[in-house]
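These are the residues of each chain, in order.
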Amino acid sequence: MSRALRLGGLRIGYEMRAYFRQGDTVFFTFLFPVVLLTIFSVSFSEASFGQTADGDEITAAWFFLPAMLAAGVLLSGLQNLAIDIAVEKSNGTLKRLAGSPLPVTSYFIGKIGQALVTGILQAIVLLALAFTVFQVPLPEDPALWGRFVWIFLLGVVTSAILGIALSSVPRSGASATAVVIPIVLVLQFISGIFLRFSDLPEWLQQVAAIFPLKWMALGMRSVFLPDELVVLEPNETWNLPGIAIALGIWLVVGLALTLVTFRWVRKNQ
Amino acid sequence: MLAVGPEDGDAGRMTATENVVEVRELRKTYGDVAAVDGVSFDIHRGETFALLGPNGAGKSTTIEILEGYRERTSGEVRVLGTDPWRASLDWKARLGIVLQSSGETGAVTVREQLAHFAALYPNPRDVDEVIAAVGLEHKAGSLIRKLSGGQRRRVDVAVGIIGRPELLFLDEPTTGFDPEARRNFWSLVRTLQSEGTTIVLTTHYLDEAAQLGDRAGVIANGKMVDLAPIDSLGGADARIPIVRWHEAGEPREERTPTPGAFVAALIARLGPEPAGLEVIRPSLEDVYLQLVGHEHAADLGQEVAS
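If you're wondering where the values come from, they're calculated on a predicted model, not measured in any experiment. (Residues numbered from 1 in each chain as written. Chains lettered and ligands numbered in written order. Predicted model: local features only at pLDDT ≥ 70, side-chain atom pairs only at ≥ 80, totals over all residues.)

What follows deals with helix 3 (residues 60-91) of chain A. Of all the bends in helix 3 of chain A, the greatest, near 35 degrees, is centred on Leu75(A). The buried fraction of helix 3 of chain A is high, at 31 of 32 residues. (Bend = angle between axes of the 7 residues up to and from the residue. Helix = DSSP H or I, 4+ residues; strand = E, 2+ residues; numbered from the N terminus. Buried ≥ 20, exposed ≤ 12 C-beta atoms within 10 Å, placed from the backbone.)

Attention now goes to the interface of chain B and chain A. By a widely used convention, the size of an interface equals the accessible area lost when the partners come together. Between chain B and chain A, the residue contacts involve 22 residues of the former and 20 residues of the latter. Breaking the side of chain B that touches chain A down by element, the ones donating at least two residues are helix 3 (89-92), strand 5 (95-98) and helix 4 (110-118) of chain B. (Contact = placed C-beta atoms within 7 Å.)

Let us look at the environment of Ser168(A). Residues and elements named next belong to chain A. The residue Ser 168 is located in the loop between helix 6 (142-166) and helix 7 (173-190) in this model. Owing to 18 C-beta atoms within 10 Å, Ser 168 belongs among the partly exposed residues under this scheme. For the pair Ser 168 and Ile 190, spaced 22 residues apart in sequence, the C-alpha to C-alpha distance is 24 Å. If we skip the residues at most four places from it in the chain, Ser 168 touches Thr 261 and Phe 262.

Let us now look at the nonpolar core. Residues Leu65(A), Ala70(A) and Ala158(B) are the most contacted members of the largest nonpolar core, which totals 131 residues. At 21 residues, helix 3 of chain A tops the list of elements feeding residues into this core. Built from parts of two domains, this core gets at least three residues from each of domain 1 (6-229) and domain 2 (235-305) of chain B. Excluding residues that lie within four positions of it along the chain, Leu65(A) makes contacts with Leu37(A), Leu126(A), Ala130(A), Val136(A) and Phe224(A). (Core = buried A, V, L, I, M, F, W, Y, C linked by C-beta atoms within 7 Å. Domains from an automatic or database assignment.)

Turning our attention to the sheet that holds strand 8 (residues 215-220) of chain B. All names here are of chain B. Strand order across the open sheet formed by six strands is 5-6-7-3-8-9, with mixed pairing between neighbours. Of all the strands in the sheet, the pair left with one neighbour each is strand 5 and strand 9 (223-229). Adjacent strand axes in the sheet meet at a mean angle of 15 degrees, parallel and antiparallel pairs treated alike. Examined bridge by bridge, strand 6 (residues 167-171) and strand 7 (residues 198-202) share five bridges and lie parallel to one another. By the bridge assignment for strand 7, Leu 167 is matched with Thr 198. Across the sheet, helix 2 (residues 59-67) is in contact with strand 3 (48-52), strand 5, strand 6, strand 7 and strand 8; its angle to strand 6 comes to roughly 150 degrees. (Pairing = 2+ DSSP bridges. Axes fitted to C-alpha atoms, helices over the stretch in contact; angles between N-to-C directions.)

Residue and element names in this part refer to chain A. In the numbering used here, UniProt assigns the feature "transmembrane region" (unreviewed entry) to residues 26-44, 64-87, 115-136, 148-169, 176-195 and 243-265. Split by type, residues 26-44 is 95% helix and 0% strand. Its first and last C-alpha atoms lie 26 Å apart. Between the end C-alpha atoms of residues 64-87 the distance is 32 Å, and the span holds 100% helix and 0% strand. (UniProt positions renumbered as here; feature names shortened; annotations may be inferred.)

UniProt marks residues 21-246 of chain B with the feature "domain: ABC transporter" (unreviewed entry), using the numbering shown here. Within the segment residues 21-246 of chain B, helix and strand shares are 31% and 29% respectively, and the terminal C-alpha atoms sit 50 Å apart.

This part is about the packing of helix 2 (residues 23-43) of chain A against helix 3 of chain A. All names here are of chain A. Direction vectors running N to C along helix 2 and helix 3 enclose 165 degrees, while the axes themselves pass 9 Å from each other. As the angle between them shows, helix 2 and helix 3 are arranged roughly antiparallel. Taken as a pair, helix 2 and helix 3 cross one another with a handedness that is right-handed. From helix 2, Thr 25, Thr 29, Phe 32, Pro 33, Leu 36, Leu 37, Phe 40 and Ser 41 reach across to helix 3, where they touch Ala 60, Ala 61, Phe 64, Leu 65, Met 68, Ala 71, Gly 72, Leu 75, Ser 76, Gln 79 and Asn 80. Residues of the contact of helix 2 with helix 3, tallied by class, amount to 12 nonpolar, seven polar and no charged. (Parallel < 35°, antiparallel > 145°, perpendicular 65-115°, else oblique. Left-handed = near helix turned anticlockwise from the far one by under 90°. Nonpolar A, V, L, I, M, F, W, Y, C, P; charged D, E, K, R; others polar.)

Structure representation (structure tokens):
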């Protein structure tokens, strides 16, 4: 096991180098939420997203920051890994690794670690942009930052494992984007990323509650939006236990699916 | 390193016959089609074994079963004393595999790639020595995706040998090499041979098989049609020289084990310079084409009969 962990650490470094040398993934996965936050903040700069208890305007940037953080978690984990691994499966990378003494656990550690590191960097860029350029007030209460950390970590790891599980669905590397992007887009529309969750019909909110993104977005709102906006949420609660349970269940489901479906090499190839 | 149990690594080394690979009645079927149909052979420690055959003959399927990538339908397979389909990571650490060309993204440099793979093995070769051995010293810091096809292939070979394998699989290793790169590759393989590496080679270049191979197996239609030292492939009959000449305006040809005596007799009969005189010793390629062709012909005969 110690060997698997040590090699997993090496894999993270190797994956990170390769990741940042791929211009397209850096743009579409890493910088996409940053670009979106900028677009939303600028294009809705005249719109009001409510007021705080003190009467301050909630700007578009403030309103969309938690949504973009949640989207970033989904993109860094699920979209990034599902496409990446499907491509590696079809271009021979996994076949080469399968012929080496690399433990499969180390490969997963490398992928999850890569998702985690890129996710953290992405969150830092988003927070810095929101704070410095768009003057979004960030929480001062350390407890809120603690909540951010656990929701973020649980979210990234769950997304990453679901990404690994989803990577076995596309039949080829070429079709990976076509399979993964629509799933990610639909999830973002129904989970309160692009549209205000409280504006969605109740039945759609309930559908969204089946999937993990809604819970990640809710968690991020609970950290970054003023507490009084809780009245817009279902049952007027941030439902932290619900977030932990929903993400925990998806984590276990993702692990089980991964163990059942993951193959170094496609069968019958 | 982790302790290696007796059932893992040592069993292979203790095989009395020192067969690194043992294959008995190997079959692999897809539906009704038998890609490999009852193939048997051994590969001895330290030898270079060439597996030859046309595309689709079952060569790659056989190799991939030996490498542990594919499950067999029936038959016995031992590679380094272990069933490849149930092999451990310790077993994989004793193999080197150079697959047919791949389309990896290559977003790391040559040195990064080799250093990374070296770290996966218990007793790897020196990274810079391997880079020099495949002639990529000047490209060590280049991203693999920026290399030419032949250079990428050399990286594949380098990754295959970085772990100091006991058994090395080379699947069409020199496809895309220029003649000089091919010569350099051959001398690299000779170095590996002199260090005792057992090598399984598939290639479409019969000169390469002749240069590097000790023994060869020829597969056609999923069956082993011949298995012999390279220079006696096809049997003695297949190598009987052919004498050709023209007589009375007609081309004539005779197969004879004593071409010198035959030509002397021709000269005695036709004068000192018989027209169009040639003495041909069948090349490996001639022998190979004959072997593969015979098998196809036999199959056609069966189809007509049935």
